[in-house]
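Given next are the chains, with one letter for each unit.
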Amino acid sequence: MPEVQVGDISIYYEVKGSGYPLLMIMGFSFSLLDWGDVFPDELAKNYQVIMFDNRDSGRTKSQSTDNYTTADMANDAAGLLNALGIAQAHVVGFSMGGMIAQQFALRHPTKLNKLILSCTMPGGDCSDFNPNNQGDLLDLLFPASYLAISNNRKKAEDFFRKTSPYHSQPDGFIRQLQAHHTHDICNLLQGIKAPTLIITGDSDIVIPPVNSNILNNKISGSELKIIKEGGHGFGYSHAAEIAKIITDFLS
């Protein structure tokens, strides 16, 4: 299996397609399997899509049990590119992956071409986030209007039944949660200079769309796209639409 050593972790990764590198950073607890097939396959028609498991998720192995930050996770992502001999890439970050991508943009600007921040937030006092979101995973990720469509709930249930064994285990879950909750770049966003696309769903109850408005206002020259009837999981429910929006932005 493809793995590279970066510091104290062995990062599991997969690559699809060819062309200019496009690094995809997954969100809290999930693994690269949660990108599904449609979204990365659409992007791989034009780009070399690089997906990987963050520390404490999926098949990435860590030798450390210390706490870490989203900045540390951004360094992991940069280290992966270095190990693959890639000098620069576009970066897509989803949810917590978007927080990691923000740190990547600040800490490794020469390694970044264009930035896509999807259903994410800057953290700190300038964010609107309810850390007590609880309930059925599908009801958190998708609006009722999507789940009411014939067979959508069953397909999503089947999908997450396959991917959930690769989600963070209890100790790693707590470490990722700590990194998530301590993320705060409210006063640093103006330092992001890369061309930036921000995408949010109008029905996201996990990280409400107002957070994307904040990012859009604070990152100079950024573009904002709002997905109608899109929940926090719009990368799955609206995969082809999101892939086209990203491809159009990158090209």
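Refer to the structure presented above.
Overview of the structure.

What counts and what doesn't
- Residues numbered from 1 in each chain as written.
- Predicted model: local features only at pLDDT ≥ 70, side-chain atom pairs only at ≥ 80, totals over all residues.
- Heavy atoms only, no water.
- Phe/Tyr/Trp six-rings, centres within 6.5 Å; stacked < 30°, edge-to-face > 60°.
- Buried < 20%, exposed > 50% of the residue type's maximum accessible area, 1.4 Å probe, protein only.
- Lys NZ or Arg CZ within 6 Å of the ring centre and 35° of its normal.
- Core = buried A, V, L, I, M, F, W, Y, C linked by side-chain atoms within 4.5 Å.
- Helix = DSSP H or I, 4+ residues; strand = E, 2+ residues; numbered from the N terminus.
- Contact = heavy atoms within 4.5 Å.
- Lys, Arg positive; Asp, Glu negative; His and termini not counted.
- Salt bridge = Lys/Arg side-chain N within 4 Å of Asp/Glu carboxyl O.
- Polar contact = N/O pair within 3.5 Å; in protein donor to acceptor, adjacent residues only side chain to side chain.

**Re the packing of aromatic side chains**
Item 1. Applying the stated criterion to the full structure yields 9 aromatic pairs.
Item 2. Both rings, one in Trp 35 and one in Phe 39, keep their centres 5.7 Å apart while their planes meet at 35°; by these two values the pair is tilted. Of the two residues examined, Trp 35 and Phe 39, each falls in the buried class.
Item 3. A centroid spacing of 5.1 Å and a plane angle of 75° characterise the contact between Phe 159 and Phe 160, whose relative ring orientation is edge-to-face. Residue Phe 159 shares its accessibility class with Phe 160, and that shared class is buried.
Item 4. These aromatic residues form a ring-pair network of at least three members: Phe 30, Phe 142, Tyr 146, Phe 159, Phe 160 and Tyr 236.
Item 5. The ring of Tyr 68 is capped by Arg 55, whose NZ or CZ atom sits 5.0 Å from the centre of that ring.
Item 6. Its end group placed over the ring of Phe 249, Lys 114 keeps NZ or CZ at 5.2 Å from the ring centre.

**Here's the deal with the nonpolar core**
Item 1. In this structure, Leu 23, Ile 25, Phe 52, Leu 80, Val 91, Phe 104 and Leu 115 are the most contacted members of the largest nonpolar core, which totals 40 residues.
Item 2. Of all the secondary-structure elements, those providing two or more residues to this core are β1 (3–6), β2 (9–16), β3 (20–25), β4 (47–52), α2 (70–83), β6 (89–94), α3 (96–107) and β7 (112–118).
Item 3. Once residues within four sequence positions are removed from consideration, Leu 23 is found in contact with Ile 50, Phe 52, Ala 77, Leu 80, Leu 81, His 90, Val 91 and Val 92.

**Overview of the side chain of Asp 34**
Item 1. Topologically, Asp 34 is positioned in the loop between β3 and α1 (38–43).
Item 2. We note that Asp 34 is buried and unpaired, the nearest opposite charge coming from Arg 59 at a distance of 9.3 Å.
Item 3. Polar contacts involving the side chain of Asp 34 include one to the side chain of His 167, which spans 3.0 Å.
Item 4. The residues contacting Asp 34, other than those within four sequence positions of it, are Met 26, Phe 159, Phe 160, Thr 163 and His 167.

Everything listed is a geometric property; what it means functionally is a separate question.
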